[in-house]
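Read off the chains here:
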Amino acid sequence: MSNANRHDVHVLNDLIQTALDSADGYREASIEAADPGHRDLFGRRSFERRQVAEELQSTVRALGGDPAAEGSVLAKAQRAFADIKHALMRDDASMIGAVESAEEAVRARFEKALEDSRISATTRETIRRAFVRVSRGRDDIHDLRHSLEGQRDAANPLFPH
C-alpha cells in the first residue's frame, strides 16, 4: 500500500468497524424486539450495515490495504451495557431509544470522515454514498421512536380524545 493511501485506509477501516458494530447492534435488537415489525426492521438494517461494511472493505482492498474484519471492543462493551439496561426495562421503546442514540454516534463518525481534508476525492465519494445509506437508517429509527411516543401518549387516559 502506498503512503498516499495509508490515511484513506485508516479512515475507511474505522468506518468499517463502525458499520460492523452497527450491524451487530441491529442483529441483537432484532433478536430482543417483542414486536415482529421491529424485529424485521432491525434485521433489514443489520443486513444493510453489513453491505456498507463490505463495500468499504472492497475499497480498502482496492487501495492496497487490509480491511477491518470485525467491530470494536468498545462497541461490544457498550452493547453489553445496553443489554443489561434493556433487560431491566423490558420494552421496545427503551430499546429503540438506545438504537437511535447509537445511530447518532454512527452518523457522527461518517460526518467526521467526510470532513477530513486529508482523504482523497475518490474515498470521500465512497464515504458519501455510505453516509446516505446510514442517514436513511437513522431517520427511520428516529421516526419509529416518535411514532411509539405518540402511541404511548394516545394510550394515556389523560390524553384528550
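Structure's up top.
I will try to describe carefully the structure that is included in this document. (Residues numbered from 1 in each chain as written. Predicted model: local features only at pLDDT ≥ 70, side-chain atom pairs only at ≥ 80, totals over all residues. Heavy atoms only, no water.)

**Considerations on the nonpolar core**
Part 1 of the reasoning: Counting 21 residues, the largest nonpolar core has L15, I16, L56, F110 and I127 as its most contacted members.
Part 2 of the reasoning: Contributing elements (two or more residues each) for this core: α1 (3–32), α2 (36–62), α4 (92–115) and α5 (121–155).
Part 3 of the reasoning: The element best represented in this core is α1, accounting for seven residues.
Part 4 of the reasoning: Among all residues touching L15, those that are not within four sequence positions of it are L56, R109, F110, A113 and I127.
Part 5 of the reasoning: Formed by eleven residues, the second largest nonpolar core is a distinct cluster that contains F42, I96, V99 and L148. (Core = buried A, V, L, I, M, F, W, Y, C linked by side-chain atoms within 4.5 Å. Buried < 20%, exposed > 50% of the residue type's maximum accessible area, 1.4 Å probe, protein only. Helix = DSSP H or I, 4+ residues; strand = E, 2+ residues; numbered from the N terminus. Contact = heavy atoms within 4.5 Å.)

**Things to note about the packing of α1 against α4**
Part 1 of the reasoning: The N-to-C vectors of α1 and α4 enclose an angle of 170°; their axes lie 10 Å apart at closest approach. When the axes of α1 and α4 are compared, the pair comes out roughly antiparallel. Every residue of α4 that contacts α1 at V11, D14, L15, T18, S22, Y26, A29 and E32 is listed here: D92, M95, V99, E103, V106, R109, F110 and A113.
Part 2 of the reasoning: Among the residues making up the contact of α1 with α4, the classes are represented as nine nonpolar, two polar and five charged. (Axes fitted to C-alpha atoms, helices over the stretch in contact; angles between N-to-C directions. Parallel < 35°, antiparallel > 145°, perpendicular 65-115°, else oblique. Nonpolar A, V, L, I, M, F, W, Y, C, P; charged D, E, K, R; others polar.)

**A few points about the pattern of salt bridges**
Part 1 of the reasoning: Counted under the stated rule, the structure contains ten salt bridges.
Part 2 of the reasoning: For the salt bridge of D40 with R44, the shortest nitrogen-to-oxygen distance reads 2.4 Å. With D40 and R44 both in helix α2 and four residues apart, this pair spans about one turn of that helix.
Part 3 of the reasoning: For R44, a relative accessible area of 40% gives the class partly exposed. (Salt bridge = Lys/Arg side-chain N within 4 Å of Asp/Glu carboxyl O.)

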